[in-house]
Amino acid sequence: MPLERLQVDSVRCLKAVDVELDPHRNYLFGPNGAGKTSFLESVYLLGRGRSFRTRQTARLVQHGSHDLTVFGQVRSGDRRHRVGLSFAGGELKVRIDGETAPGMARLAEVMAVHVMGSKLHRLIEAGPSERRRFVDGGVFHVEHAYLHTWRHYRRVLGQRNAALKRGLGGAPLEVWTRPVLAAAAAVHAARQRYVEELSGLVAQVGSRLLEHSLRIVYRPGWRQDISLEQALHESLERDTRTGFTQVGPHRADIDIRMAAGSVRDHASRGQQKLIAAALVLAQVRLFGQRTGRGGLLLVDDPAAELDTGSLDRLMAELEPLATQLFLTGLSERAMRPRQGFPVFHVEQGRVAAVV
Ligand SMILES: Nc1ncnc2c1ncn2[C@@H]1O[C@H](COP(=O)(O)OP(=O)(O)O)[C@@H](O)[C@H]1O
Ligand SMILES: [Mg+2]
């Protein structure tokens, strides 16, 4: 599913970008504020329908412009898809092969984008919702029906919470609890299966990248020695008091551990960045194994916070991936690009192939 051509207009500082891309590897170099991250942001936007840095797409629109557009040509086997995305008047529109896409899920089918950006360490440092998003995004990319499973769970959970707020209990509440249990079981099963497979890859990648053992453990969102049904029963008093279901898959997390203990307590900032990179690399690998497709991986300025040893190990991990890579950096010197792949120079919002 490589992106063969990208055209961008008015995404942050980018102006009239139109580039032909390499299916394996693309380097982008340029000074601070040149537009490198904005370029990656545009690719991400095309694949995910949202930004990886901000929740507000409106912020991506260039000052003084009314709208932004991103257009990509994506190869899929011997077919080519034309994907167009625009954001105007607060509304995001996606067209695939000339037809309005019914939802963002269709975008992900055409191009699966993974990212290692400057906020990567948030996967470790931030609260559980960041890690749930990571797991859910991963499951979704290997199993598109999961989006429906997850949305269904959110809906029935919302209905149970509404019932709690109305003060329902006993049998009338049970009517709303049953669907939650059924939907939770589906979400839980998909996540558990996914994290189990992922954890093997995390251990492999982690030991090479960090030279430490690394593992992840799925925490389903309720005490593991009892069923969710029992856990809901036990939290009934609190649920009723707060009007909110306290346990369930919406409270899940993954515990990321080194030999010494949880990485949040035992890893330095630099190590945290590498640990998060290991998680993303494992996810990219699992995506490849499960789907037989490569996907895209955006690696934003890896030289910025990594020492040369860590950077070399990261580059070695990227080497065997059957993924279309986009790598940015301040200069060729810091990144030592592999010969034979295109280098783009980025400056003042313009992107040009270096010949
Ligand atoms: N909405 C916007 N409109 C115009 N310029 C913007 C907007 N948002 C950010 N910028 C500018 O775009 C540049 C950001 O570039 P960025 O892609 O982060 O650079 P790099 O990654 O190369 O350091 C900054 O100079 C910033 O001021
Ligand atoms: Mg940047």
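Bear in mind the structure is a predicted one, so any value in this text is a computation, not a measurement.

Enquirer: How do you make sense of the site of ligand 1 when you look at a structure like this?
Expert: Around ligand 1, a shell composed of 14 residues is seen, among which Cys-13, Gly-33, Lys-36, Thr-37 and Ser-38 lie nearest. Looking at the shell around ligand 1 element by element, the count peaks at three residues for helix 1 (residues 36–48). By residue class, the composition of the shell around ligand 1 is four nonpolar, eight polar and two charged.

Enquirer: In this structure, what is going on with unusual backbone geometry? I would like to understand it.
Expert: With the exception of glycine, most residues fall at negative phi, and the peptide bonds are largely trans. Phi is positive for Ser-10, close to 65°, though the residue is something other than glycine. Along the chain, the position of Ser-10 falls in the loop between strand 1 (3–9) and strand 2 (17–20). Within the chain, Asp-301 stands out as a residue other than glycine whose phi angle is a positive 50°. Inspection of the secondary structure puts Asp-301 in the loop between strand 12 (296–299) and helix 11 (308–318).

Enquirer: Can you walk me through the packing of helix 6 (residues 170–210) against helix 10 (residues 269–291) in this structure?
Expert: Packed helix pairs are specified by the crossing angle of their axes together with the interaxial distance, meaning the distance between the axes. Running from N to C, helix 6 and helix 10 point in directions that differ by 135°, and their axes come no closer than 8 Å. If you check the angle between helix 6 and helix 10, you find them oblique. Once helix 6 is placed against helix 10, the crossing between them reads as right-handed. Seen from helix 6, the contacting residues are Glu-197, Leu-198, Leu-201, Val-202, Val-205, Gly-206, Leu-209 and Leu-210; seen from helix 10, they are Gln-271, Leu-274, Ile-275, Ala-277, Ala-278, Leu-279, Leu-281, Ala-282, Gln-283, Arg-285 and Leu-286. Of the residues contributing to the contact of helix 6 with helix 10, the split by class is 14 nonpolar, three polar and two charged.

Enquirer: In this structure, what is going on with the sheet that holds strand 4 (residues 67–76)? I would like to understand it.
Expert: Through backbone hydrogen bonds, the strands of a sheet pair up, either in parallel or in antiparallel fashion. Across the sheet, six strands lie side by side as 2-1-4-5-6-7; this open sheet has antiparallel pairing. Each edge of the open sheet is held by one strand with a lone partner, namely strand 2 and strand 7 (99–100). Pairing of strand 1 with strand 2, which is carried by four bridges, proceeds in the antiparallel orientation. From the neighbouring strand, Arg-5 faces strand 2, where its bridge partner is Glu-20.

Enquirer: Would you mind going over the domain arrangement of the protein chain with me for this structure?
Expert: Put simply, an interface is often sized by how much accessible area is lost when its parts join up. Each assigned domain of the protein chain is listed here: domain 1 (1–112 + 295–355) and domain 2 (128–292). Relative placement of domain 1 and domain 2: their C-alpha centres are 29 Å apart. Facing the 15 residues of domain 1 at the interface are 15 residues of domain 2. The greatest single-element share of the side of domain 1 that touches domain 2, amounting to four residues, is contributed by helix 11. A breakdown of the residues in the side of domain 1 that touches domain 2 according to their chemical character gives eight nonpolar, three polar and four charged.

Criteria and thresholds
- Residues numbered from 1 in each chain as written.
- Chains lettered and ligands numbered in written order.
- Predicted model: local features only at pLDDT ≥ 70, side-chain atom pairs only at ≥ 80, totals over all residues.
- Near = placed C-beta within 6 Å.
- Helix = DSSP H or I, 4+ residues; strand = E, 2+ residues; numbered from the N terminus.
- Nonpolar A, V, L, I, M, F, W, Y, C, P; charged D, E, K, R; others polar.
- Axes fitted to C-alpha atoms, helices over the stretch in contact; angles between N-to-C directions.
- Parallel < 35°, antiparallel > 145°, perpendicular 65-115°, else oblique.
- Left-handed = near helix turned anticlockwise from the far one by under 90°.
- Contact = placed C-beta atoms within 7 Å.
- Pairing = 2+ DSSP bridges.
- Domains from an automatic or database assignment.

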